[in-house]
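Each chain, letter by letter, is given below.
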Amino acid sequence: MMSATASLAATHLVPFAAEELDKNKVTPGVLGFLVFAVIGGAVWLLMKSMNKHMKRVDFEEEPEPTAEPAAASAAEGAGAGRG
């Protein structure tokens, strides 16, 4: 719920804003630029951090040592049952 002073201030400021607003020339202004610059800086820092972390990754896929004997024994067991 708005207080009486907030309501009074809003009713006095709305006509001033309507007179100053040129609908053909609305721009985001300094605040819009600052928000965009902060977002751009955050993305740059995140990309820099991601590149640093990706350089640390040393990935060479090797089969698990327990998977090979299980597959080999299953193949031997299937072959022994047929003959």
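All of these numbers come straight from a predicted model, not from anything done at the bench.

Peer 1: Help me understand the overall build of the protein in this model?
Peer 2: In terms of regular secondary structure, the protein is built from three helices and zero strands. Secondary structure of the protein in N-to-C order comes out as α-α-α. Here the protein, with 83 residues, has 0% of them falling under the buried criterion. Counting only carbon and sulfur atoms, one obtains 67% of the accessible surface of the protein, whose full area is about 8,100 Å².

Peer 1: Sorry if this is basic, but what is going on with the confidence of the model for the protein here?
Peer 2: Residues shown with low pLDDT carry predicted positions that ought not to be read at fine detail. Mean pLDDT over the protein works out to 77, with 61% of the residues at or above the 70 mark. In the model of the protein, helix α3 (residues 67-82) stands out as the element of lowest mean pLDDT, 57, in contrast to helix α2 (residues 29-56), which has the highest, 96.

Peer 1: Honestly, a nonpolar patch on the surface in this entry has me stumped. Any pointers?
Peer 2: Side chains of Leu-31, Val-35, Ile-39, Val-43, Met-47, Met-50, Met-54, Val-57 and Phe-59 sit close together on the surface and give an oily, nonpolar patch of about 930 Å² of accessible area. Examined against the element boundaries, Met-47 turns out to sit in helix α2.

Quick notes on the rules
- Residues numbered from 1 in each chain as written.
- Predicted model: local features only at pLDDT ≥ 70, side-chain atom pairs only at ≥ 80, totals over all residues.
- Heavy atoms only, no water.
- Helix = DSSP H or I, 4+ residues; strand = E, 2+ residues; numbered from the N terminus.
- Buried < 20%, exposed > 50% of the residue type's maximum accessible area, 1.4 Å probe, protein only.
- Areas by Shrake-Rupley, 256 points an atom, 1.4 Å probe, with all protein chains shown as cover.
- pLDDT = per-residue confidence, 0-100.
- Patch = residues over 30% accessible without salt bridge, like charges linked within 9 Å, V, L, I, M, F, W, Y side chains within 5 Å.
- Salt bridge = Lys/Arg side-chain N within 4 Å of Asp/Glu carboxyl O.

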